[in-house]
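Given next are the chains, with one letter for each unit.
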Amino acid sequence: MTNLEIAMKMRGMRPIELAEVLGVVRQNIGAYIHGQRALGPTMLPVVAEALGVSQAYLRGIADRLPVYDWESGKTTACPIMSETDIDGYGSYYIVDHPEIGWMAVIMSVGIQFTPRDWQGAQPLSVEDIASTEWVDYMGREAIMLDGLPRVLAG
């Protein structure tokens, strides 16, 4: 599956729906998906914006974020699909985890937070953070303050 297909699936978009959003024919989307046509400098930013992912992710050259699985003790370097700065708090990422698909990760003051349920529905925007149960890098339940996960001091 291509990064374009993964991003479309994440956003629940079929090729015809993306084509409508972009104002192109569905065959163009199919050509991008199947590698018959490359996303050029005009279409790449438009497609990335429509899907809420980075241009680098669509091109296959995204930076990677190490994601630690506290249950297995394994760290996986996951391509960053999107990154959003949360002023005064940290960064919100959607990453493409090779074993489970896309997932949300928050980094705040060097602490990684992930949804308690990695296999479940993932929050796809900063606005969705408050409606998710989060755990820290050790699997401890995060407390929510002002809609963002925190750890207890000490």
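Up top you'll find the structure we're talking about.
Here's a quick rundown of the structure. Keep in mind that this is a model prediction, so the values were computed, not measured.

Thoughts on the environment of Gln36
Then, in step 1: Secondary-structure assignment places Gln36 in the loop between α3 (26-33) and α4 (43-51).
Then, in step 2: Gln36 sits in the exposed class, given a relative accessible area of 64%.
Then, in step 3: When the C-alpha atoms of Gln36 and Ala142 are compared, they prove to be 46 Å apart, with 106 residues separating the residues in sequence.
Then, in step 4: Apart from the residues lying within four places of it in its own chain, the contact partners of Gln36 are Gly30 and Ala31.

Re the side chain of Ser108
Then, in step 1: Here Ser108 is to be found in strand β4 (residues 101-108).
Then, in step 2: Classification of Ser108 by relative accessible area gives buried; the value is 8%.
Then, in step 3: Only 2.8 Å separates the side chain of Ser108 from the backbone oxygen of Tyr89, close enough to count as a polar contact.
Then, in step 4: Setting aside residues no more than four positions away along its own chain, Ser108 makes contact with Tyr89, Gly90 and Phe113.

A look at the sheet that holds strand β2 (residues 74-86)
Then, in step 1: Taken together, 6 strands build an open sheet; the order of strands is β1-β2-β3-β4-β5-β6 and the sheet is antiparallel. Each end of this open sheet is capped by a strand with a single partner; those strands are β1 (64-69) and β6 (134-136). Taking each pair of neighbouring strands and ignoring which way they run, the sheet shows an average axis angle of 40 degrees.
Then, in step 2: Pairing geometry for β2 and strand β3 (residues 90-97), over 6 bridges, is antiparallel. Counted as the bridge partner of Ile80 is Val95 from β3.

Observations concerning the pattern of salt bridges
Then, in step 1: Counting across every chain of the model gives 5 salt bridges.
Then, in step 2: When the shortest N-O distance is used, the salt bridge between Glu133 and Arg116 registers 3.3 Å. Within this pair, whereas Glu133 is found in the loop between β5 (111-115) and β6, its partner Arg116 is found in the loop between β5 and β6, the two being separated by 17 residues in sequence.
Then, in step 3: Each of Arg116, Glu133 and Glu141 takes part in one network of salt bridges that share partners.

Thresholds applied
Residues numbered from 1 in each chain as written. Predicted model: local features only at pLDDT ≥ 70, side-chain atom pairs only at ≥ 80, totals over all residues. Heavy atoms only, no water. Helix = DSSP H or I, 4+ residues; strand = E, 2+ residues; numbered from the N terminus. Buried < 20%, exposed > 50% of the residue type's maximum accessible area, 1.4 Å probe, protein only. Contact = heavy atoms within 4.5 Å. Polar contact = N/O pair within 3.5 Å; in protein donor to acceptor, adjacent residues only side chain to side chain. Pairing = 2+ DSSP bridges. Axes fitted to C-alpha atoms, helices over the stretch in contact; angles between N-to-C directions. Salt bridge = Lys/Arg side-chain N within 4 Å of Asp/Glu carboxyl O.

Nothing here speaks to function; it is all geometry.
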